[in-house]
Amino acid sequence: MHNALIIAAEETHNPLIPPVYDIVWSLLAFVIIFLVMRYVVTPRITKMLDERTEAIEGGIKKAEAAQQQAAAALDEYNKQLADARAEASRIREQARADATAIGNEVREQAAADAARITANAQAQIEAERQSAVQALRAEVGTLALDLASGVIGESLKDDAKSTAVVDRFLADLEASQATKTGEH
């Protein structure tokens, strides 16, 4: 019996070593899975990764191109802004120069108008003064003749000589006034 147990123990297989048919079927399944992975799944994954890489690289190239365009647009904008600032400065300077010229022209015109108005006023004053002097001479002459007529008792109104006497008297009176004002 003891021999039978040893033979029976030898016929029972080791649990760590699988039977041959399991190894064959497992190997066959492994080869099929390996081939499917190698020729079907891996190329699709590789293709997908390549497409994704191309998309990323294309996006990077587009981003770089867009960045270059943005930089060019920024440079153009800065150039236009500098040109606009220079133009605005030139316009301000021109406006200042124009304002100064207009101000000078207005001042000159105002001075000319003031001189013209002053000259007209002085001419008018002189004309009115002459008119007043003439009226005063006539009035003073008439009063002097009336007074002299009253003193003498005769009428001196129609006499040309009396008019000449009055004019000479007034001229002497003006001369004496001019002498007095020249002394003081």
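Keep in mind that what you see is a predicted model, and the values were worked out from it rather than measured.

## Here's the deal with the overall build of the protein chain
- Helices and strands together make up the secondary structure of the protein chain, namely 3 helices and 0 strands.
- For the protein chain, the succession of helices and strands along the chain, N to C, is α-α-α.
- Counting every position in the protein chain, which comprises 184 residues, the buried fraction comes to 4%.

## Some remarks on the packing of aromatic side chains
- For the structure on display, the rule yields 1 aromatic pair.
- Look at Phe 30 and Phe 34: their rings are 6.3 Å apart centre to centre, the planes differ by 20 degrees, and that puts the pair in the stacked class. Of this pair, Phe 30 and Phe 34 both sit in helix α2 (residues 20-152), 4 residues apart, which is roughly one turn of that helix.
- Note on Phe 30: relative accessible area 53%, which makes it exposed.

## Side note on the pattern of salt bridges
- In this structure the tally under the stated criterion is 4 salt bridges.
- One salt bridge in this structure joins Arg 116 and Asp 113, with 3.6 Å as the shortest N-O distance. Separated by 3 residues within a single helix, Arg 116 and Asp 113 lie in helix α2, roughly one turn from each other.
- With a relative accessible area of 46%, Arg 116 lands in the partly exposed category.

## Overview of the environment of Thr 42
- By the element assignment, Thr 42 lies in helix α2.
- Within polar-contact distance, the side chain of Thr 42 engages the backbone oxygen of Met 37 at 2.5 Å.

## What to know about a nonpolar patch on the surface
- A cluster of nonpolar side chains, namely Tyr 21, Trp 25, Leu 27, Leu 28, Phe 30, Val 31, Ile 32, Phe 34, Leu 35, Val 36, Tyr 39 and Val 40, defines an oily patch on the protein surface of about 1,200 Å² accessible area.
- Residue position: Val 40 is located in helix α2.

## Here we look at a negative patch on the surface
- A cluster of acidic side chains, namely Asp 50, Glu 51, Glu 54 and Glu 57, defines a negative patch on the protein surface.
- With respect to the helices, strands and loops of the structure, Asp 50 is situated in helix α2.

## Concerning the confidence of the model for the protein chain
- Of all residues in the protein chain, 84% have pLDDT values of 70 or greater, and the mean over the chain is 85.
- Of all secondary-structure elements in the protein chain, the lowest mean pLDDT belongs to helix α1 (residues 2-11), at 59, while α2 reaches the highest, 90.

Cut-offs used in this document
- Residues numbered from 1 in each chain as written.
- Predicted model: local features only at pLDDT ≥ 70, side-chain atom pairs only at ≥ 80, totals over all residues.
- Heavy atoms only, no water.
- Helix = DSSP H or I, 4+ residues; strand = E, 2+ residues; numbered from the N terminus.
- Buried < 20%, exposed > 50% of the residue type's maximum accessible area, 1.4 Å probe, protein only.
- Phe/Tyr/Trp six-rings, centres within 6.5 Å; stacked < 30°, edge-to-face > 60°.
- Salt bridge = Lys/Arg side-chain N within 4 Å of Asp/Glu carboxyl O.
- Polar contact = N/O pair within 3.5 Å; in protein donor to acceptor, adjacent residues only side chain to side chain.
- Patch = residues over 30% accessible without salt bridge, like charges linked within 9 Å, V, L, I, M, F, W, Y side chains within 5 Å.
- Areas by Shrake-Rupley, 256 points an atom, 1.4 Å probe, with all protein chains shown as cover.
- Lys, Arg positive; Asp, Glu negative; His and termini not counted.
- Charge placed at Lys NZ, Arg CZ, Asp CG, Glu CD.
- pLDDT = per-residue confidence, 0-100.

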